[in-house]
Structures are given as C-alpha cells and as structure tokens.
Amino acid sequence: MTARIVCTLPLPDPAPGLLSAAAEVEVIGASPSRERTEALLREGVDVLCPQLGDRVDAALLDTGLPRLRAVCVYAVGYNNVDVPAATERGIVVANTPGVLTDATADCALGLLVASARRLCEGDAVMRAGGFTGWRPDFMLGLELRDSLLGIVGFGRIGQALARRALACGMRIAYADESQPPVPADLAPHVARMQLETLIAEADCISLHVPLDESTRHLIDEAALRRMKPTAILVNTSRGAVIDEVALVRALQQGWIAGAGLDVYENEPAMAPGLAGCRNAVLAPHLGSATVRTRAAMAELCARNALAALAGELPPHCVNPQAWSAGAPPPVR
Ligand code: NAD
C-alpha cells in the first residue's frame, strides 16, 4: 500500500521533496477545505498536515479511521486539534516548536514598539496629509526604557521577547502557571509575579501562552479594566486569549492606551469596531512569517510526518501516549 499524506495548504520547501520521496502527497489548496479533507480521509490517508485555521475535531478524525495515524500541524500552537480525541483514537499529533521562536519574538517586539510609539497612527497621519510640522506635544507615546514589561507565558517566545526588551532598557516581570526553566544569564534580569499584580502594574503586557481552556479570555473585561490607562497590550499568541469585544471597548473608551495584535479571536475576521481603533496596530498573523522560519517549520513538519509513516514517534509529538499500546507498522 502506498503511503498517503494530505496537506490542506501547500507547504514550502523542503517539505514537498521530503514528503513526495516517501509518499503520495495530495495538496488541497482551497480554503475552507473541510469537505475536501473529509472526502480524502474517507478514501484513506496515513498523515494529515493541517494549517492552524483547520479545525481537526473528533468527527474529522473519525472519517480518517482506521488508517489515519498522525496529524502533523504546521505551527507550534495546536489548539485547532482535539488532542484528547486523537489520543483516544491512537492518532499522534505533532507540531513545530522552537524554529519560530525568534521570528515571533521579533514580531511581538515590533508590535510593542509600534504601539508604544504610535508609529502606525503616525503613518496614517502622514498619508492623510495631517502632519503640519514638528510640535513639542504632538503624538507623544510611552518610552520603553525603565517601563515594566509584563510577559504572560514565559516559555520559548516569552523569554526571547524578554531578551529583546532588555536591550531596550525595559524592566521585565513574568507570570506563568508552571515553573519554566529560565537560563542562568536571563534569570537575574526578570522577576516572577502573580498574574493579577502583573496586570495592574505593567506598562506593557505581552501574551505568550498557548490557547486552551485555562487561557481562553485570560484577558477579559475585568483584566482590561485593571490595566493602567497608559498601558499597551500585545498579543502574538492566539486571538481568543483576549476577549476581543471587550478589548474594542477598552481601546475606544481609554481603559488602556493601545494594543498591538497579530492574532484575532475569529480569524480572519476582526471584532466589530476594532479596525476603527487608531490606537491598535493590526498585523495579519505574521508571527512566523519569514522565509527562513517557514522553511524550517516545513522541514520539521515533514520530519514529523515521515517518522509517523515509518512507525516511529514523530520528533515533536505532543501526545506520545496515543501509541503507548505500540506504534503502527511502517507504511511503505
Ligand atoms: P511554550 O510552550 O514554550 O511557552 C508557553 C508558556 O505558557 C509555558 O511556559 C507555559 O507554562 C505557559 N502557560 C501555559 N498556560 C498558562 C496559563 N494558563 N497561565 C500562564 N502561563 C501559562 O510555547 P511558545 O513556543 O513560546 O509558543 C507560545 C504560543 O505562541 C503558541 O502556543 C502559539 O499559540 C503562539 N504562537 C503564535 C505565533 C504567531 O504566528 N503569532 C507563532 C508562534 C507561536
């Protein structure tokens, strides 16, 4: 039986070459692709490579049974996959951690600087012919040096942002539900804080938690109302970590000074009113969008898929217990 892999969107090099050397590869390419994905899974697929916008729920997994053995996500976040349902069905789920850390931290820093210094608002003023000359009180923003950056979720990307923000002279506090290992060179420069305290005291807050039931609407109306009215909120994690409707009110009514967003609760849609908030810097989910990072993610995704075909646990498997009763035999 020829091995069969389905990618819902084309993956960059080197994935196509790596995958097609080991399997027949079908790329759907259309969005939304749920119906086509279901049809292909019914025909028989060994590995599914979905994108972060593709919902992989129990019903979709069932259409792939008994053949589907792995879901290899082209992202580090895998909140779009029902992992417990995959585990119950003996299907491993794999992701692409690490290789997108720096690109995403760069994006978070960019949103932080652009929001604090009102750069996009200024860009709009220039384009509208609204710049009438330098004035001492024109478009003043927040100075990064000595401002307190509160990082929520101090894993790979949170720590990479901390290093960048230290270079800007910021003070760093972090909140994390676990005890993340902090390298010895970084530890003396960062302080752990309770989330409630961080929300009330930070000048800038940047979110780096995975989306799950513990982080959905972590920043809700109450949290937004506790933030400083001069504070900036940055989100490069997942949109639903913030209650986006409440955020629009916070931006419109001045509960906070501004926001830099890369991700949205109902992507690609935005909450009503958000596009009209001049104090929001809005990026279209660009966190990992560099040529080098996307290629590195493609390679990891392909290596995960190839391992699964070979009957080995993918190198970045998030639910190894799915195969605790034994890995399936190699597909050739
Ligand atoms: P990571 O696992 O290294 O770090 C996440 C940290 O969040 C961990 O330290 C964890 O303990 C902490 N955490 C989990 N739940 C928490 C909670 N309820 N409260 C406080 N802390 C909590 O992950 P990472 O590689 O840094 O990636 C973080 C997230 O960023 C990903 O899950 C993904 O959704 C998102 N991301 C987005 C983009 C983008 O394009 N915008 C790119 C990469 C990653």
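Data block above holds the structure.
Residues numbered from 1 in each chain as written. Predicted model: local features only at pLDDT ≥ 70, side-chain atom pairs only at ≥ 80, totals over all residues. Heavy atoms only, no water.

Caption draft 1: Representation of the overall build of the protein. Secondary structure assignment for the protein yields 11 helices and 12 strands. In summary, the protein has a C-alpha radius of gyration of 22 Å against a globular reference of 20 Å for 332 residues, a match within 12%. Along the longest, intermediate and shortest principal axes, the C-alpha atoms of the protein span 75 × 45 × 35 Å. Out of the 332 residues belonging to the protein, those deemed buried represent 50%. Here the contacts in the protein between residues at least 6 apart in sequence split such that 60% fall between residues at least 24 apart. Accessible surface, the protein as shown: approximately 15,300 Å² in total, 55% of it carbon and sulfur. A distance of 3 Å separates the average location of the 29 positive side-chain charges in the protein from that of its 36 negative side-chain charges. (Helix = DSSP H or I, 4+ residues; strand = E, 2+ residues; numbered from the N terminus. Rg over C-alpha atoms; globule rule 2.2 N^0.38 Å. Buried < 20%, exposed > 50% of the residue type's maximum accessible area, 1.4 Å probe, protein only. Contact = heavy atoms within 4.5 Å. Areas by Shrake-Rupley, 256 points an atom, 1.4 Å probe, with all protein chains shown as cover. Lys, Arg positive; Asp, Glu negative; His and termini not counted. Charge placed at Lys NZ, Arg CZ, Asp CG, Glu CD.)

Caption draft 2: Geometry of helix α2 (residues 34-43). Restricting attention to buried positions, one finds in α2 the residues Thr37, Glu38, Leu40 and Leu41. All buried residues of α2 lie within an arc of 165 degrees about the axis, which places them on one face of the element. The outward face of α2, more than 90 degrees from its buried face, is lined by the exposed residues Glu35, Arg42 and Glu43. Considering only its buried residues, α2 is in contact with β1 (4-7), β2 (24-27), β3 (47-49) and α3 (58-64). Where α2 terminates, the next one or two residues include glycine 44, which has phi positive at roughly 125 degrees. (Arc of directions from axis to C-beta.)

Caption draft 3: Structural detail: the nonpolar core. By size, the foremost hydrophobic cluster in this structure holds 34 residues, and its most contacted members are Ile205, Leu224, Leu233 and Leu247. The leading source of residues in this core is helix α10 (residues 244-253), at 5 residues. Discounting residues that sit within four places of it in the chain, leucine 233 has contacts with Ile205, Leu207, Ile219, Leu224, Met227, Ile242, Leu247, Ile256, Gly258, Ala259 and Gly260. Grouped together as the second largest cluster of nonpolar side chains are 26 residues, Ala23, Val47, Tyr74 and Leu100 included. (Core = buried A, V, L, I, M, F, W, Y, C linked by side-chain atoms within 4.5 Å.)

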